[in-house]
Amino acid sequence: MLSMVLALLVPLSGAGFIFLARTRPARLLVLLLTTFAHVVLTGSLWLGPRVPAAGALLGVDAQGLLFLSVISVLYCLVAVHLVAYTGRDPRGAPPVFLACHLFSLAAMTLACFSQHWGLYWVAMEATTLASAPLLFYHHGPRSLEATWKYILIGSVGIALALMGTLFLGMAAAAVPHVENSLVFSTMLASADKLSVDWIKIAAVFLIVGYGTKMGLAPMHTWKPDAYGEAPPPVAALLSGGLTNAAFLGLLRVATLCNAAGEAAFVRSILVALGLASIGIAAASMVGQANYRRMLAYSSVEHMGILTLAVGVGGLATFGGLLHAVNNAFNKGILFLAAGNILQACRTSEVKGITGLFRQLPFSAVFLVIGFFAATGFPPFGTFVSEFTILRGLIAGGGVVVPALYLGFLAVVFIGMGAIVLGMVQGAPVATPEGAKPARETFASVLPIVVLTALALLLGLHIPEALGDLLKQASDVPGGFR
């Protein structure tokens, strides 16, 4: 319990200390120490029980711990990268930017600990408010437009999720003499007594609401603009952190519907949204002119894969949870490498970049590695998770869904490969007059190396502790059928 409370309070306290720090090195030191402490506290939670107390508003369960662990590691590594990124950017490291980094970490931590639908909604709303200033780091007109689009579309999504939460309350009203009816465990225990009609209505609103936060098609329109204009390290946090926090909501909706006997209803919605997201992302990546927007569509694709996996259920759900971990690390590789490329080449346009192998050898190599990892090539972890999902799709019966899944993945590989390989090969473009030559520092490369090592580890061997946690997260009350 103490570790859980500290995991919430440490990033909030760190954000306050950042405002007290007078110099850039002091602020960055606070950021690094706070995110590292959060990793240690999160790690300590692996040693404790993973069954929240009955009726508790906050608690540690397997699903929440899984996503919190990924988010915590990603935030810590991005903090290291920000030392290099802010050092090379004229804006430096403003206190508000660094504090919002920690505020958003605290909000996502609260989302992972929340055991009440209302409290989870509050946490997800807080992630929107805390993340918005991160997108506006460059203070340009396009950054402002992308930030407002993110806020407006995210607010619509979170408003729909609020309606879904209220409808859950209506469904629980049919169960007499129940206190804290919106607590997850309480609803699961009385799932067979909930109003079926209200559960269905609530599920639709919740899936669309939190699906908007994930960036599922057709609610994904904020994502290319936000990822294309935000600093790439921030895009890594959104793609690997915020989306996982929102995916937790979809998991819990699916769990509740399964327990209430409405598995077929929620399955059809999730499978349709999942396939639509993968297909639209694949089509949008072909011939994409902006490599950061390409990575945004790659995020849409992988959110579709996660949603499809949960919709199919069974073995695919296990693969989907593993894929959520893999995707967070892979997006970290790609976006952090893209951050180095952006600062060296000063453009996001694909046509303005060639010869990265000569100009930025380390970032170019990791960009190619990230490409192969994101498209599911062995020996990376995404190969294991995507193949596990495919096995689940085939076991679920039918050939249409597996065929579309494989076809869309092939299109993604072709579209993404044409862009990435074109950027790294050939002769480098001349450095703009007056610009300093590109340099890759230790802080700009180390986080990418660590993320690559994690992506390789999960492809070669899943640690026993992680395997057990994945099994617990996928074997929940009500089951994923």
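Data block above holds the structure.
Residues numbered from 1 in each chain as written. Predicted model: local features only at pLDDT ≥ 70, side-chain atom pairs only at ≥ 80, totals over all residues. Heavy atoms only, no water.

## Some remarks on the overall build of the chain
Heads up, the condition is: Think of it this way: any DSSP run of H or I at least four residues long counts as a helix, any run of E at least two long counts as a strand, and we number them from the N terminus. Throughout, the radius of gyration refers to the C-alpha atoms, and the reference size of a globule is 2.2 Å times the residue count to the power 0.38. For every residue, the accessible area (1.4 Å probe, protein chains only) is compared with the maximum for its type, and the residue is labelled buried under 20%, exposed over 50%, or partly exposed between those bounds. By definition, residues are in contact when any of their heavy atoms lie within 4.5 Å. When charges are counted, neither His nor the chain ends are considered; positive counts come from Lys and Arg and negative counts from Asp and Glu. Where a charge lies is defined by one atom per residue type: Lys uses NZ, Arg uses CZ, Asp uses CG and Glu uses CD.
Helix and strand counts for the chain come out as 19 helices and 0 strands. Scaling as 2.2 N^0.38, a compact globule of 481 residues should have a C-alpha radius of gyration of about 23 Å, and the chain matches this with 21 Å. In terms of overall dimensions, the chain has C-alpha extents of about 75 × 55 × 45 Å along its principal axes. By residue count, 59% of the 481 residues in the chain fall in the buried class. Sequence-distant contacts, at least 24 apart, represent 81% of the contacts inside the chain between residues at least 6 apart. Looking at charge distribution, the chain has the averaged site of its 25 positive side-chain charges lying 8 Å from that of its 18 negative ones.

## So, the nonpolar core
Basically, it comes down to this: Nonpolar cores are built from buried Ala, Val, Leu, Ile, Met, Phe, Trp, Tyr and Cys residues. Side-chain atoms within 4.5 Å join them into one set.
Counting 143 residues, the largest nonpolar core has Phe247 and Leu356 as its most contacted members. Ranked by residue count, the leading element in this core is helix H13 (residues 315–345), at 17 residues. Not counting residues within four places of it along the chain, the set of residues in contact with leucine 356 comprises Ile341, Cys345, Pro361, Ala364, Leu367, Met423 and Val424. Of all hydrophobic cores here, the second largest spans 13 residues; its members include Ile278, Leu308, Leu390 and Tyr405.

## Side note on the packing of helix H12 (residues 291–312) against helix H17 (residues 400–424)
Operational definition: Only the contacting stretch of a helix is used when fitting its axis, a line to C-alpha atoms as for every element, and angles between N-to-C directions run 0 to 180 degrees. Should an angle fall under 35 degrees it is taken as roughly parallel, and over 145 as roughly antiparallel, whereas 65 to 115 is taken as roughly perpendicular and any remaining angle as oblique. Note on convention: near helix rotated counterclockwise from far helix by under a right angle means a left-handed crossing. Clockwise means right-handed. Throughout, the ten residues Ala, Val, Leu, Ile, Met, Phe, Trp, Tyr, Cys and Pro are labelled nonpolar, Asp, Glu, Lys and Arg are labelled charged, and all others, Gly among them, are labelled polar.
For the pair H12 and H17, interaxial distance at closest approach is 11 Å and the crossing angle is 160°. Between H12 and H17, the angle falls in the class roughly antiparallel. In this structure, the crossing between H12 and H17 has a hand that is left-handed. Each of Tyr291, Met294, Leu295, Ser298, Glu301, Ile305 and Leu308 in H12 lies in contact with H17, whose residues at this interface are Val401, Tyr405, Leu409, Val412, Met416, Ile419, Val420 and Met423. Here the contact of H12 with H17 is built from residues that sort into 13 nonpolar, 1 polar and 1 charged.

## A few points about the packing of aromatic side chains
For clarity, the cut-off: In summary, the pairing rule links any two rings of Phe, Tyr or Trp, Trp by its six-membered ring, whose centres are within 6.5 Å, and it sorts them by plane angle into stacked for under 30 degrees, edge-to-face for over 60 and tilted for everything else. Note on geometry: a ring has a charge over it if NZ (lysine) or CZ (arginine) is within 6 Å of the ring centre and within 35 degrees of the ring normal.
Enumeration according to the criterion identifies 15 aromatic pairs in this entry. Between phenylalanine 377 and phenylalanine 413, the aromatic rings sit 5.2 Å apart at their centres with planes inclined by 20°, giving stacked as the arrangement. Here phenylalanine 377 is found in the loop between helix H15 (361–374) and helix H16 (381–395), whereas its partner phenylalanine 413 is found in helix H17, with 36 residues between them in sequence. One aromatic cluster in this structure is built from Tyr150, Trp222, Tyr227 and Phe335. Positioned over the ring face of tyrosine 137 is arginine 91, at 5.8 Å from the centre of the ring. Against the face of phenylalanine 265 rests lysine 200, its NZ or CZ located 5.5 Å from the ring centre.

## Some thoughts on helix H3 (residues 62–88)
Counted only if it meets this: Take the residue count of a helix, subtract one, and multiply by 1.5 Å to get its expected span. Here the bend at a residue means the angle between the axes of two seven-residue stretches, the one that ends at it and the one that starts at it.
Compared with an ideal rise of 1.5 Å per residue, which puts 27 residues at 39 Å, H3 spans 40 Å between its outermost C-alpha atoms and is within 8% of the ideal. The largest bend in H3 amounts to roughly 30° and is located at histidine 81. Of all 27 residues in H3, 22 are buried; the element is thus mostly enclosed.

Don't take any of this as a statement about function, it's just geometry.
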